[in-house]
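Structural features, examined
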Amino acid sequence: MKADMPSPPETLPSYGIIEKADDVTHIVLRAMAGAPNARLREVMAAFVHHLHAFAREVRLTQDEYDFAVDFLNRIGNATTDTHNEGMLFADAVGFSTLVVLMNNGGKGPTETAAALLGPFWRDYSPVTPNGGSIVRSPTSGPELFANLRVTDPDGRPIQGVEVDVWHSSPAGFYENQDPDQADMNLRGRFYTDENGKFWFRSVKPACYPVPTDGPVGELLRAQDRHPYRPAHLHFLGFKPGYQTLITQVFVDDDEHLESDVVFGVTKDLIGHYLRHNADETPPAPDVKAPWYTLEYSLCMQPGEAKRPVAPIK
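1. What to know about the pairing of strand β7 (residues 232-238)
- The element β7 is extensively covered by neighbouring structure, given that seven of its seven residues are classed as buried.
- Here β7 shows two buried faces, one formed by His 232, His 234, Leu 236 and Phe 238 and the other by Leu 233, Phe 235 and Gly 237.
- Pairing between strand β2 (residues 162-166) and β7: five bridges, direction antiparallel. For Val 163, the partnering residue across the bridge sits in β7 and is Gly 237.
- Pairing geometry for β7 and strand β8 (residues 245-251), over six bridges, is antiparallel.

2. Brief notes about the sheet that holds β7
- In spatial order, the strands read β3-β2-β7-β8-β9; together these five strands make up an open sheet with mixed pairing. Here the strands that pair on one side only, and so sit at the sheet edges, are β3 (187-191) and β9 (270-271).
- Note: β8 against β9, two bridges, orientation parallel. Bridge assignment links Phe 250 to a residue of β9, and that residue is Ile 270.

3. Quick look at the pattern of salt bridges
- Counted according to the given criterion, the structure contains 18 salt bridges.
- For Asp 123, the salt bridge goes to Arg 307, with nearest N and O atoms at 3.8 Å. Placement of Asp 123 in the loop between α5 (95-104) and β1 (143-151) and of Arg 307 in the segment after β11 (291-299) is noted, with a sequence separation of 184 residues between them.
- A relative accessible area of 15% means that Asp 123 is categorised as buried.
- The partly exposed category is assigned to Arg 307, whose relative accessible area is 29%.
- Within the structure, one salt-bridge network assembled from shared partners comprises Asp 123, Glu 162, Asp 164, Arg 189 and Arg 307.

4. Overview of the side chain of Asp 23
- By the secondary structure assignment, Asp 23 is in helix α1 (residues 21-32).
- Owing to a relative accessible area of 16%, Asp 23 belongs among the buried residues under this scheme.
- When near neighbours in sequence (up to four residues on either side) are disregarded, Asp 23 contacts Ile 17 and Ile 18.

5. A look at the sheet that holds β11
- Spatially, four strands are ordered β4-β1-β11-β10 in an open sheet, and the strand pairing comes out mixed. Strand pairing shows two members of the sheet lacking a second neighbour, β4 (197-203) and β10 (273-276), which therefore form its edges. For this sheet, the mean inter-axis angle between neighbouring strands, taken without regard to orientation, is 20 degrees.
- Across four bridges, the pairing between β10 and β11 is antiparallel.

6. Some thoughts on helix α2 (residues 38-58)
- For α2, which comprises 21 residues, the first-to-last C-alpha distance of 31 Å matches the rise-based estimate of 30 Å (1.5 Å per residue) to within 8%.
- The N-capping residue of α2, defined by a side-chain oxygen 2.9 Å from the backbone nitrogen of Arg 39, is Asn 37.
- Of the residues trailing α2, Arg 59 is marked for its positive phi of about 50 degrees.

7. Points about the packing of aromatic side chains
- On inspection of all chains with the given rule, the structure shows ten aromatic pairs.
- Geometrically, the ring pair formed by Phe 67 and Phe 71 is stacked, given 6.3 Å between the ring centres and 25 degrees between the ring planes. Linking Phe 67 with Phe 71, this pair stays in helix α3 (residues 62-78), spanning four residues, or about one helical turn.
- What makes Phe 67 partly exposed here is its relative accessible area of 45%.
- Using a relative accessible area of 10% as the deciding quantity, one classes Phe 71 as buried.
- An aromatic cluster is present here, built from Phe 190, Phe 198, Phe 200 and Phe 235 joined pairwise through their rings.
- The positively charged end of Lys 204 is found above the aromatic ring belonging to Tyr 292, 4.8 Å away from the centroid.
- Over the face of the ring belonging to Phe 238 we find Arg 307, whose NZ or CZ atom lies 4.4 Å from the ring centre.

8. Considerations on the confidence of the model for the protein
- Chain-level statistics for the protein give a pLDDT mean of 91 and a share of 94% at 70 or above.
- Low pLDDT, under 50, characterises residues 106-112; the predicted model gives this stretch 17 contacts beyond four residues in sequence or across chains.

Cut-offs used in this document
- Residues numbered from 1 in each chain as written.
- Predicted model: local features only at pLDDT ≥ 70, side-chain atom pairs only at ≥ 80, totals over all residues.
- Heavy atoms only, no water.
- Buried < 20%, exposed > 50% of the residue type's maximum accessible area, 1.4 Å probe, protein only.
- Helix = DSSP H or I, 4+ residues; strand = E, 2+ residues; numbered from the N terminus.
- Pairing = 2+ DSSP bridges.
- Salt bridge = Lys/Arg side-chain N within 4 Å of Asp/Glu carboxyl O.
- Contact = heavy atoms within 4.5 Å.
- Axes fitted to C-alpha atoms, helices over the stretch in contact; angles between N-to-C directions.
- Expected span 1.5 Å × (residues − 1).
- Polar contact = N/O pair within 3.5 Å; in protein donor to acceptor, adjacent residues only side chain to side chain.
- Phe/Tyr/Trp six-rings, centres within 6.5 Å; stacked < 30°, edge-to-face > 60°.
- Lys NZ or Arg CZ within 6 Å of the ring centre and 35° of its normal.
- pLDDT = per-residue confidence, 0-100.

Dropping the structure here:
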């Protein structure tokens, strides 16, 4: 026996001999029933039940099984330091949004519903003073001035919340997808003041397609679905003593609000991006019309602060 081979138990378990297809599920469940972790037992038992029931319901063929396993392998192979195909797949089948809403109630536990983290969040974006710009390289598009406030469920301001902001460019790319953008362009980290406020300058985001050069793009084409997300800003609020808030605020005039490829739009997350024209005084002398403002309130629930793992570096 090789040195790294585990020793067999003194008493071998008995799960049963498979004689027909109907035996498989019960025997697999018996094999898993000894897991010491109760939650693992519960989750894996339900997973096996539903997975096996799915195969029976659709009468899964061997070719379809082989294709599915290859599809999962290709999702793994398509995931890199700068792109998370696994998260994109979970988003594209609505699984991410379902889990978010299940864990935050029908409308979220606060006035601001939680939303998808998405596959493009990077940790450690540059700390930026309130009122500063997150435009770090030439980025065409109408100017946006965003003013936000963070409160608790009773409407009291929360000071010192660390808020990550990130969004795509008007050309429809996050900076890690676009060699023409500087590193960390359209990303910034802010801290709320004594009134729970933070504010910044950027450009109005635009709708964009999710990456379609991998297995998820293949799935979308097979289902005759477009790959577009409506324009939005991402926010991640973090402060000890409060549940981490991950949310998005969508542009209210975007044509893809009702057909978001990752099913991330909820009513609470649609913001009012107010257009201003040349007959109005801009907030800075170098601003050209049209320009936009966004006023929005975020609400954080008391609880455990837990920073998510960034899907990309």
